[in-house]
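Residue-level listing of the chains:
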Amino acid sequence: ISRNITLLHTTSLSNTSEIACYPNPTTKEVTLEGTQPTDQIFLYNTLGQLVHQQTITATTTTLRLTHLPGGHYYLRLQTATGALRWTGQLKKFGRE
């Protein structure tokens, strides 16, 4: 069974760069473009539990999602100093 992730909502909080999140929908991974090296990405489930954390090392980052069960997820991108840069919501339909 093939499942998809649908981006429901994004908020860019930085005036200096826009974050692109694609492809949408996807079954395996999401690419974030416009990130900065040393940014941190946090992925939370609907219970507020951290399910993935990753330090970004380039301006384009791939976030693999195949290990996650279906559901809604919240992305949080923050700077190395902890300032919130961008937020987004993902919907994932099961595992591939």
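Read on for an overview of the structure. (Residues numbered from 1 in each chain as written. Predicted model: local features only at pLDDT ≥ 70, side-chain atom pairs only at ≥ 80, totals over all residues. Heavy atoms only, no water.)

## Details of the overall build of the protein chain
Helices and strands together make up the secondary structure of the protein chain, namely zero helices and eight strands. Considering only residue pairs separated by 6 or more positions, the protein chain has 54% of its internal contacts joining residues 24 or more positions apart. Total accessible area on the protein chain is roughly 5,300 Å²; 49% of this is exposed by carbon and sulfur atoms. (Helix = DSSP H or I, 4+ residues; strand = E, 2+ residues; numbered from the N terminus. Contact = heavy atoms within 4.5 Å. Areas by Shrake-Rupley, 256 points an atom, 1.4 Å probe, with all protein chains shown as cover.)

## Quick notes on the sheet that holds strand β2 (residues 20-22)
Strand order across the open sheet formed by three strands is β2-β3-β6, with antiparallel pairing between neighbours. Each edge of the open sheet carries a strand with a single partner, namely β2 and β6 (60-64). Each strand of the sheet is rotated relative to its neighbour by a mean of 20 degrees, with strand direction disregarded. Both strand β3 (residues 29-33) and β6 contribute to a ladder of five bridges, which runs antiparallel. Bridge pairing in β6 links Leu32 to Thr61. (Pairing = 2+ DSSP bridges. Axes fitted to C-alpha atoms, helices over the stretch in contact; angles between N-to-C directions.)

## Some details on the pattern of salt bridges
Counting across every chain of the model gives two salt bridges. Note that Glu29 is salt-bridged to Arg64, the shortest N-O span being 2.2 Å. Of this pair, Glu29 sits in strand β3 while Arg64 sits in strand β6, and the two are 35 residues apart along the sequence. Taking the shortest distance from any N to any O, the salt bridge between Arg85 and Asp39 comes out at 2.9 Å. (Salt bridge = Lys/Arg side-chain N within 4 Å of Asp/Glu carboxyl O.)

## A few points about the nonpolar core
Formed by 15 residues in total, the largest nonpolar core has its most connected members in Leu32, Ile41, Leu43, Leu65, Leu75 and Trp86. Residue contributions to this core peak at three residues, all from strand β7 (residues 71-78). Not counting residues within four places of it along the chain, the set of residues in contact with Leu43 comprises Gln49, Leu50, Val51, His52, Leu65, Leu68, Tyr73, Tyr74, Leu75 and Leu90. (Core = buried A, V, L, I, M, F, W, Y, C linked by side-chain atoms within 4.5 Å. Buried < 20%, exposed > 50% of the residue type's maximum accessible area, 1.4 Å probe, protein only.)

## A closer look at the pairing of strand β8 (residues 84-92)
Of the pairings in the sheet, the one linking β7 to β8 comprises eight bridges and is antiparallel in character. Bridge pairing in β8 places Arg76 opposite Thr87. The antiparallel pairing of β7 with β8 creates a hairpin that spans five residues between the two strands, and Gly82 there sits at a positive phi of about 95 degrees.

## Describing the environment of Leu63
Position of Leu63 relative to the elements: it lies in strand β6. Not counting residues up to four positions away in its chain, the partners in contact with Leu63 are Lys28, Glu29, Val30, Ile41, His52, Gln54 and Leu75.

## Some points on the environment of Thr62
Topologically, Thr62 is positioned in strand β6. Of the residues examined, Thr62 reaches a relative accessible area of 31% and is grouped as partly exposed. Sequence separation of Thr62 and Glu29 is 33 residues, and the distance between their C-alpha atoms is 6.6 Å.

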